[in-house]
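A closer look at the structure
Residues per chain are reported as follows:
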Amino acid sequence: MENTVKLELTKEWDKTFPKSEKVSHRKVTFPNRYGITLAADLYEPKGVEGKLAGIAVCGPFGAVKEQAAGLYAQTMAERGFLTIAFDPSFTGESGGAPRYMASPDINTEDFQAAVDFLSVQENVDPERIGIIGICGWGGLALNVAALDTRIKATVASTMYDMSRVNANGYFDADNSADARYAKKATMNAQRIVDYKNGSYAPGGGVVDPLPEDVPFYVADYHSYYKTNRGYHKRSLNSNGGWNVIGCMSFMNQPILQYSNEIRSAVLIMHGEKAHSCYFSRDAYAAMVKDNLYTDNKELLIIPDAVHTDLYDGGEKDAIPFDKLEQFFSENMK
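Residues numbered from 1 in each chain as written. Predicted model: local features only at pLDDT ≥ 70, side-chain atom pairs only at ≥ 80, totals over all residues. Heavy atoms only, no water.

1. Digging into the pattern of salt bridges
All told, the structure shown has 22 salt bridges when counted by the stated rule. A salt bridge links Lys65 to Glu93; the nearest nitrogen and oxygen atoms lie 2.7 Å apart. Pair noted here: Lys65 is in the loop between β3 (52–58) and α1 (68–78) and Glu93 is in the loop between β4 (82–86) and α2 (104–119), with a separation of 28 residues, a long-range link. There is no split in this pair, since Lys65 and Glu93 are both buried. The shortest N-O distance in the salt bridge between Asp172 and Arg164 comes to 2.6 Å. A relative accessible area of 24% means that Asp172 is categorised as partly exposed. Among the residues examined, Arg164 registers a relative accessible area of 19% and is labelled buried. When salt bridges that share partners are traced, they join Asp14, Lys15, Lys27, Asp41, Lys65, Glu66, Asp87, Glu93 and Arg234 into one network. (Salt bridge = Lys/Arg side-chain N within 4 Å of Asp/Glu carboxyl O. Helix = DSSP H or I, 4+ residues; strand = E, 2+ residues; numbered from the N terminus. Buried < 20%, exposed > 50% of the residue type's maximum accessible area, 1.4 Å probe, protein only.)

This is the structure we're talking about:
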């Protein structure tokens, strides 16, 4: 397309997981409707002919495609799907400036642009396309499912509702008009500072070194993003994080407003012991309330798993890939 910008993409295998010999891998790019060029890894099962079902994968929020999203994409390709794991706008190897910004609208569009790309591949059946969103991209995946009628099946894994956590704080601890006003005032003051400086102040990624008295979920993130398990040099969470005002617009834009109008299949899965499990439980309840299409909706709670166990399996091999294969196969016939 005319608005595709040529990106400089890494040539070597620099993922946080080993390369599979069962799939072919290559880098691809595609534009979204805002003219931002996105970078993705495409995984294709070897020895499979004919039109394949396609799956686009993104997340976690602040991660890159070389981490959890790539692991999901490669594993699903081993199981017969053509998949892409992509970097969102303003992050990783994708285009967009300034860097390290997030947007409910643009990031929703990123997923839809990935569906555009899959739909025109010669070996993909455009009537069999699904998406997987991890962590904050799980909530965005539900938003996309409510908007994009081309999507036949959606998985939200260990999801965050980014609107809710930005507006209300963790565990809804700041869910008051006064708390939100104070947060907005701080960020708007930061905008003036950034404007004067001609640059955007980074908010800081996962804390390192890890203090002894941090909440469990902070230690959980550290165990992934700051260790050999999941560290990546382009990952925001592994390094400087989003800009201080990078996620500001989520406060005013509830992304799950119309989730109970989703007609296509949805699987929401979460670890039983994850600090974030309340996001999935509440999102599922809201999605099926007054929804005429509930037979293809499911909430799967995985025993003993914590939040990052669904990034890479942790030590529990916690990601239920057999279930994912069954879910997509049954709902993208």
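That was the structure; now back to the text.
2. Comments concerning the state of the cysteines
In a disulfide, the sulfur atoms of two cysteines are covalently bonded to one another. Within the structure shown, the criterion is met by 0 disulfides. The thiol of Cys58 is unpaired, and the distance to the nearest cysteine sulfur, on Cys135, comes to 11 Å. Of the cysteine sulfurs around Cys247, a residue in no disulfide, the closest is that of Cys135, at 11 Å. (Disulfide = S-S within 2.5 Å.)

3. What to know about the sheet that holds strand β7 (residues 265–271)
Ordered by their spatial adjacency, 8 strands build an open sheet running β1-β2-β4-β3-β5-β6-β7-β8, and the pairing between neighbours is mixed. Only two strands of the sheet have a single neighbouring strand rather than two, namely β1 (23–31) and β8 (297–302). Averaged over all pairs of adjacent strands, the angle between strand axes in this sheet comes to 20 degrees, irrespective of strand direction. Taken together, the 6 bridges between β3 and strand β5 (residues 124–134) define a ladder with parallel strand orientation. Along β5, the bridge assignment pairs Gly54 with Ile129. (Pairing = 2+ DSSP bridges. Axes fitted to C-alpha atoms, helices over the stretch in contact; angles between N-to-C directions.)

4. A short note on the pairing of β3
A regular strand carries its side chains on alternate faces of the sheet. Taking burial as the measure, the 7 residues of β3 include 7 buried ones, the bulk of the element. Two elements, β3 and β4, share 4 bridges in a ladder whose sense is parallel. From the neighbouring strand, Ile55 faces β4, where its bridge partner is Thr83. Handedness of the crossover joining β3 and β4 through α1: right-handed. (Right-handed = clockwise from strand over helix to strand, strands pointing away.)

5. A word on unusual backbone geometry
Residue Pro98 follows Ala97 across a cis peptide bond; omega there is 0 degrees. Here Pro98 lies in the loop between β4 and α2. Here the bond from Asp208 into Pro209 is cis, since omega is 5 degrees, no more than 30 degrees from zero. In this fold, Pro209 is placed in the loop between α5 (177–197) and α6 (216–225). For Thr158, which is not glycine, the phi dihedral falls at a positive 45 degrees. Turning to its location among the elements, Thr158 is positioned in the loop between β6 (153–157) and α4 (162–168).

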